[in-house]
Amino acid sequence: MQVNRKSAIGFIFVTLLIDIMGWGLIIPVMADLIAQLKGIPVNEASTYGALLLSVFAITQFLFSPVIGNLSDRYGRRPVLLFSLLGFGIDYIILALAPSYGWLFVGRVIAGITGASFTTATAYIADISTDETSRAKNFGLIGAAFGLGFVLGPALGALLAIWGIRAPFYAAAALCLLNCLYGYFFLPESLSKEKRRPFEWKRANPIGSLRFLTDHPEIGGLAFGFFLIYLGAQSVQGNWNFFTIYRFGWSEKMVGISLAVVGVLVGAVQAGLTRVIVPKIGNEKSIYVGLSLYTLGLVLFAFATQSWMMFAFLIPYCLGGICGPSLQSVISVHVPANQQGELQGALTSLMSLTTIFGPLIMNSTFTYFTTDKAPFHFPGIHFLIGAVCMLLSIIIIHKVISREKKENQQLADAIAHAGSTTDAPVH
């Protein structure tokens, strides 16, 4: 089937944008909605928020390989439409939820059907005619992420003026309208002759993690990678609960702050990284970035005024220069034909931090804001995140230093062997 590539790429871009915007739309109001439904203070609601994040991450971790394999069997179009429909149903359930249990049901549905990112990237690969167009088309993914992280929270903050349920209705409308548009106008990108039978053994979510055990040379670096994303959950999973409890922020203020995060992250990833990393190299970029992450988290922990949270976002977001550099360092340990498996394994590690991170960070925050705690310290979860960052610095430094020493010893041995060979024979 001939594919109208221009309109198809536009649809995929909008699909990814809506996917990212959807969660950003509801973050500003989710904390107050959970507190309202459970009839508890917002600090205690944090633990229940963590459960919603974790159950979504668990179901997506388990079902993403299944959905991806289904798209190889039945085509990208039905799976994309199914995912959008599932997200739309999820947001409707969240909008109408009379109790916390219904929020749980909605997040499970979204996790099962929420494989739009995986299928959308496969669609892009299908319709890209060469490597140049493929790189250009994949660049739209980064653009969708950046724009979604800015527009989602900002729009959610504005819609919250009409009530805490309004952003859910908006997110549902976006998903269902896009699904309706796709039903009538989105062509299939995977021809029938290129499809393959569905195989359960290829839909195994644990399989990608086995790659790391097969490559012990990247084990230490991968563990450092895991700790970085685990530490980041102290911000990603609890920002709204912490700021509402600590500073009395409104939904509007939470949305504005997250939009600022989107702008800063976009500036770092799209601009600063391209300038700094070539000048100082990957290794120094990793250490500088992780140090800035650590500093930002410690400052968050001890912030006493609202403006401080905005100011401290600067060093924290600047820490983002470490991510691309660390991935680059890890990737050189693996041959070109295994890069896809490596990225899949790293993505699985990120998924695991989303499952366990919020449970650790949010539960700690809740405990240290209640009378049960030995002392009152709302920002303690940020310190846990800072410790994760510090540990990652230590681990990564040890691995890189050991590799440098081993490489130097190998170079010396080769040089010694060469000098012995070249010595005159008497």
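Residues numbered from 1 in each chain as written. Predicted model: local features only at pLDDT ≥ 70, side-chain atom pairs only at ≥ 80, totals over all residues. Heavy atoms only, no water.

### As for the overall build of the chain
Spelled out, the test is: Numbering of helices and strands runs from the N terminus; a helix is a DSSP stretch of H or I covering at least four residues, while a strand is a stretch of E covering at least two. The buried label goes to any residue with under 20% of its type's maximum accessible area, the exposed label to any with over 50%, and the partly exposed label to all in between, with areas taken from a 1.4 Å probe on protein chains only. In this analysis, two residues are considered to be in contact whenever any of their non-hydrogen atoms come within 4.5 Å of each other. Here the accessible surface of atoms and residues is derived via Shrake-Rupley with a 1.4 Å probe, and residues count as covered only by protein chains that are part of the display.
Within the chain one finds 15 helices and 0 strands. For the chain, buried positions account for 49% of its 426 residues. Across the chain, contacts joining residues at least 24 apart in sequence account for 83% of those joining residues at least 6 apart. Here the chain displays about 19900 Å² of accessible surface, and carbon together with sulfur accounts for 67% of that area.

### A word on the packing of helix H9 (residues 219–236) against helix H11 (residues 251–301)
This is how it is decided: Every angle, taken between N-to-C directions, lies between 0 and 180 degrees, and every axis is a line fitted to C-alpha atoms, over only the stretch in contact when it is a helix. Roughly parallel refers to an angle under 35 degrees, roughly antiparallel to one over 145, roughly perpendicular to one between 65 and 115, and oblique to any angle outside these ranges. What makes a crossing left-handed is the near helix being turned counterclockwise from the far one by less than a right angle; a clockwise turn instead makes it right-handed. Three classes are used, and their members are as follows: Ala, Val, Leu, Ile, Met, Phe, Trp, Tyr, Cys and Pro are nonpolar, Asp, Glu, Lys and Arg are charged, and the others, Gly among them, are polar.
Closest axis-to-axis distance for the H9/H11 pair is 11 Å, and the angle between their directions is 30°. Compared by their axis directions, H9 and H11 come out roughly parallel. For the pair H9 and H11, the crossing hand works out as left-handed. Each of Ile 228, Gly 231, Ser 234 and Val 235 in H9 lies in contact with H11, whose residues at this interface are Leu 290, Tyr 293, Leu 297 and Phe 300. Counted by class, the contact of H9 with H11 contains 6 nonpolar, 2 polar and no charged residues.

### Observations regarding the packing of aromatic side chains
In plain terms, the rule: Stacked, tilted and edge-to-face are the three classes assigned to paired rings of Phe, Tyr and Trp, where Trp is represented by its six-membered ring and a pair needs centres within 6.5 Å; plane angles under 30 degrees give stacked, over 60 edge-to-face, the rest tilted.
Scanning all chains against the criterion turns up 20 aromatic pairs. Ring centres of Tyr 48 and Tyr 100 lie 5.3 Å apart, and the angle between their planes is 75°; on these two criteria the pair is classed as edge-to-face. Pair noted here: Tyr 48 is in helix H2 (residues 42–74) and Tyr 100 is in helix H4 (residues 100–113), with a separation of 52 residues, a long-range link. Each ring, one from Tyr 245 and one from Phe 365, has its centre 5.9 Å from the other, and the planes form 85°; the classification is edge-to-face. Separated by 120 residues along the polypeptide, Tyr 245 in helix H10 (residues 239–247) and Phe 365 in helix H14 (residues 339–367) bring together distant segments of the chain. Three or more aromatic residues link up through ring pairs in this structure, and these residues are Trp 239, Phe 242, Tyr 245, Phe 247, Trp 249, Tyr 293, Phe 300, Phe 310, Tyr 316, Phe 365 and Phe 382.

### Let's talk about the pattern of salt bridges
How we decide: Definition used for salt bridges: Asp or Glu carboxyl oxygen within 4 Å of a side-chain nitrogen of Lys or Arg.
For the structure on display, the rule yields 2 salt bridges. Residue Lys 404 is joined to Glu 283 by a salt bridge in which the shortest nitrogen-to-oxygen separation is 2.7 Å. Taken as a pair, Lys 404 in helix H15 (residues 380–422) and Glu 283 in helix H11 lie far apart in primary sequence, 121 residues in all. Of the residues examined, Glu 283 reaches a relative accessible area of 23% and is grouped as partly exposed.

### Considerations on the nonpolar core
Generally speaking, nonpolar side chains in soluble globular proteins are found buried as a group. Our working definition: Definition of nonpolar core: a set of buried residues of the types Ala, Val, Leu, Ile, Met, Phe, Trp, Tyr and Cys, connected through side-chain atoms within 4.5 Å.
Within the largest apolar cluster, 89 residues are counted, with the highest numbers of intra-cluster contacts made by Leu 290, Phe 300, Leu 349 and Ile 396. Excluding residues within four positions of it along the chain, Leu 290 makes contact with Ile 228, Cys 322, Met 389, Ser 392, Ile 393 and Ile 396. Core analysis: the next-biggest nonpolar cluster, separate from the first, contains 16 residues, Phe 11, Leu 16, Ile 20 and Leu 80 among them.

### As for the environment of Leu 383
In this fold, Leu 383 is placed in helix H15. On the basis of relative accessible area, Leu 383 is assigned to the partly exposed category, the value being 25%. As a C-alpha pair, Leu 383 and Met 361 span 22 residues in sequence and 9.8 Å in three-dimensional space. Setting aside residues up to four positions removed in sequence, Leu 383 forms contacts with Val 298, Ala 301, Phe 302 and Phe 377.

### Considerations on H11
Within an α-helix, residues lying three or four positions from one another point in the same direction, as the helix has 3.6 residues per turn. How we decide: One fewer than the residue count of a helix, multiplied by 1.5 Å, yields its expected span. Values of bend correspond, residue by residue, to the angle between axes fitted over the seven residues ending at that residue and the seven starting there.
Helix length check: H11 (51 residues) gives 21 Å between terminal C-alpha atoms against 75 Å at 1.5 Å per residue, more than 12% under. The axis of H11 is deflected most strongly, by about 115°, at Gly 281.

### Looking at the packing of H10 against helix H12 (residues 306–318)
Axis angle and axis distance: for two packed helices, these are the angle between their axes and the distance between the axes, and together they describe the pair. Between H10 and H12, whose axes approach to 10 Å, the crossing angle comes to 145°. Taken together, the residues of H12 that come into contact with H10 (itself represented by Trp 239, Phe 242, Thr 243 and Phe 247) are Ser 306, Met 309 and Leu 313. Classifying every residue of the contact of H10 with H12 gives 5 nonpolar, 2 polar and no charged.

### Focus on the confidence of the model for the chain
Keep this limit in mind: Per residue, pLDDT captures the predictor's confidence, and it can take any value from 0 to 100.
Averaged over every residue, the pLDDT of the chain is 83; the share at 70 or more is 88%. By mean pLDDT, helix H5 (residues 116–127) is the weakest element of the chain at 71, and H12 is the strongest at 96.

### Considering the environment of Leu 212
Relative to the helices and strands, Leu 212 is located in helix H8 (residues 207–214). Note on Leu 212: relative accessible area 14%, which makes it buried. With sequence-adjacent residues up to four places away left out, Leu 212 is seen in contact with Ile 218, Ala 222, Ala 345 and Leu 349.

### Re the environment of Trp 307
Along the chain, Trp 307 falls in helix H12. Classification of Trp 307 by relative accessible area gives exposed; the value is 56%. Spatially, the C-alpha atoms of Trp 307 and Phe 247 are 10.0 Å apart, while their sequence positions differ by 60 residues.

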